[in-house]
Amino acid sequence: MNPNVQALDRARASLSDIQKPGRAEVEAAVRTIIRWTGEDPDRDGLRETPARVTRAFEEFFSGYGQDPVEILRKTFEEIEGYDEMIVLRGIRFESHCEHHMAPIVGQAWVAYIPNGRVVGISKLARVVNVYARRLQIQEKMTAQIANTINDVLEPQGVGVIIKASHHCMTTRGVHKPDSDLVTSRMLGCFRDNALTRQEFLGMAT
Ligand SMILES: Nc1nc2c(ncn2[C@@H]2O[C@H](COP(=O)(O)OP(=O)(O)OP(=O)(O)O)[C@@H](O)[C@H]2O)c(=O)[nH]1
Ligand SMILES: [Zn+2]
């Protein structure tokens with residue numbers, strides 16, 4: 001097996017070693033935050049809030065329980081020698097920043113040039129979802145998506161561009177509501193061949 005895929009497997013194993021608190025502990029923590037705001041967590045409108053927030057967080061952070069390597073494992077080899085760029089554009093995602101746990105809302109463009117096999121296109125969007133549904137910084141998420149596709153599919157090259165608005169910058173702190181952050185990770189021929197890189201950038205920006 002590709003050593004990079006083995007490293008991803010090890011990272012997955014160490015994630016599952018982390019001791020997770022139970023639901024009751026998370027609900028108690030939310031209750032503490034509610035009290036800290038100055039609110040009464042026992043008033044009618046707030047009584048079910050700790051349970052709701054816990055369910056919402058379960059969804060926001062469901063990516064820890066999912067395996068991007070497994071998602072990409074099934075490939076198709078009957079492609080008649082197709083060796084041009086494959087680009088899935090404008091994949092909308094919601095994530096949360098690891099500094100403030102505030103939403104990161106944006107779109108990803110994911111491209112690769114195959115090397116004898118392709119993957120089902122929905123799987124590219126699924127890989128974006130898995131990494132988005134973890135605590136993130138955008139640079140890391142961009143690299144994780146590109147690295148995983150590169151390691152599992154072993155294509156000629158991979159390109160990932162992400163454009164996203166960070167609510168920790170738009171709704172608090174420095175308050176810049178119109179700013180967004182653009183990051184990219186280019187591997188293989190997307191990094192080495194200026195024309196390939198240009199072709200992809202032209203489709204995404
Ligand atoms: N590079 C990078 N920075 C991020 C991302 N998301 C949030 N940040 C930044 O993380 C930084 C955390 O800075 P700190 O000084 O520790 O936190 P803070 O006092 O809340 O900072 P302010 O947001 O400037 O108020 C901020 O500058 C955020 O804008 C990201 O995806 N990538
Ligand atoms: Zn933040």
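About the thresholds
Per-chain numbering applies: the sequence of each chain, read as written, is numbered from 1 onward. By the order in which they are written, chains take letters starting at A while ligands take numbers starting at 1. The predicted origin of the model limits local features to residues at a pLDDT of at least 70 and limits the giving and counting of side-chain atom pairs to 80 or more, whereas totals for whole chains, interfaces and linings rest on all residues. The side-chain figures draw on all heavy atoms in the structure; neither hydrogens nor water molecules are used. UniProt positions are given in the numbering used here, feature names are shortened, and annotations may be inferred rather than shown by experiment. Note on definitions. A residue lies near a molecule or strand when any single heavy atom of the residue is within 4 Å of it. Here a polar contact is recorded for every N or O atom pair within 3.5 Å, except that within protein the pair must consist of a potential hydrogen donor and a potential acceptor, and residues adjacent in sequence are included only if both atoms are side-chain atoms. Only the protein chains shown count as cover for residues, and all accessible areas are computed by the Shrake-Rupley method using a 1.4 Å probe. The helix and strand labels rest on DSSP assignments: H or I over at least four residues marks a helix, E over at least two residues marks a strand, and numbering proceeds from the N terminus. For Na, K and Ca the donor cut-off is 3.2 Å; for every other metal, N, O and S atoms count as donors within 2.8 Å. Water does not enter the count, which can leave sites looking incomplete. Only protein chains enter the calculation, and the probe is 1.4 Å; a residue is then buried if its accessible area is under 20% of its type maximum, exposed if over 50%, and partly exposed in between. Both cavities and pockets are sets of points on a 1 Å grid over the protein atoms alone; in a cavity a 1.4 Å probe fits but cannot get out, in a pocket the set is open with protein on both sides within 12 Å along at least five of seven lines, and lining residues sit with an atom within 4 Å of a point. Grid points are joined across faces, edges and corners, and a volume is the space filled by probe spheres set on the points. Three classes are used, and their members are as follows: Ala, Val, Leu, Ile, Met, Phe, Trp, Tyr, Cys and Pro are nonpolar, Asp, Glu, Lys and Arg are charged, and the others, Gly among them, are polar. Two aromatic rings from Phe, Tyr or Trp, using only the six-membered ring of Trp, form a pair when their centres are within 6.5 Å; if the ring planes differ by under 30 degrees the pair is stacked, by over 60 it is edge-to-face, and anything between is tilted.

As recorded in an unreviewed UniProt entry, the protein chain goes by GTP cyclohydrolase 1 and comes from Bradyrhizobium jicamae. Under the UniProt heading Sequence similarities (unreviewed entry), the entry covering the protein chain gives this text: "Belongs to the GTP cyclohydrolase I family."

Turning to the site of ligand 1, a few remarks are in order. Near ligand 1 the following residues occur: Cys-97, His-99, His-100, Ile-137, Gln-138, Glu-139, His-166, Cys-168, Met-169 and Arg-172. In this structure, His-99 approaches ligand 1 through a side-chain N or O atom, which is 2.7 Å from an oxygen atom. Within the contact set of ligand 1, a nitrogen atom lies 3.2 Å away from a side-chain nitrogen or oxygen of His-166. Here ligand 1 loses 51% of its free accessible area of 630 Å² to cover by the protein chains.

Before going further, it helps to spend a moment on the environment of Ile-121. Mapping Ile-121 onto the fold places it in helix H5 (residues 121–132). Each C-alpha atom, one on Ile-121 and one on Leu-72, is 9.9 Å from the other, the two residues being 49 residues apart in sequence.

Another aspect to go through is the coordination of the zinc ion (ligand 2). For the zinc ion (ligand 2), the full set of protein donor atoms is Cys-97 (SG), His-100 (ND1) and Cys-168 (SG), and the range of their distances to it is 2.1 to 2.4 Å. Between consecutive donor residues of the zinc ion (ligand 2), the sequence gaps follow C-x2-H-x67-C. Of the two residues, Cys-97 sits in strand E2 (residues 86–97) while Cys-168 sits in helix H7 (residues 167–170), which places them 71 residues apart along the sequence. You'll find Cys-97 and Cys-168 in the same group, each marked buried.

This paragraph deals with the layout of surface pockets. Volume-wise, the second largest pocket comes out at about 170 Å³. Around the second largest pocket sit 16 residues that line it, and Gln-138, His-166, Cys-168, Met-169 and Leu-181 are the ones nearest its centre. Counting residues per element, the ones that place at least two in the lining of the second largest pocket are helix H6 (138–153), strand E6 (157–166) and H7. By residue number, the principal contributor to the lining of the second largest pocket is E6, which donates three residues. Residues belonging to the lining of the second largest pocket are distributed by class as follows: seven nonpolar, seven polar and two charged.

So, about the packing of aromatic side chains. Applying the stated criterion to the full structure yields four aromatic pairs. Considering the side-chain rings of Phe-57 and Phe-60, the 6.0 Å spacing of their centres and the 45° angle between planes classify their relative orientation as tilted. Taken as a pair, Phe-57 and Phe-60 lie in helix H3 (residues 49–60) at a separation of three residues, close to a single helical turn. With 5.7 Å between their ring centres and 85° between their planes, Phe-190 and Phe-200 make a pair best called edge-to-face.

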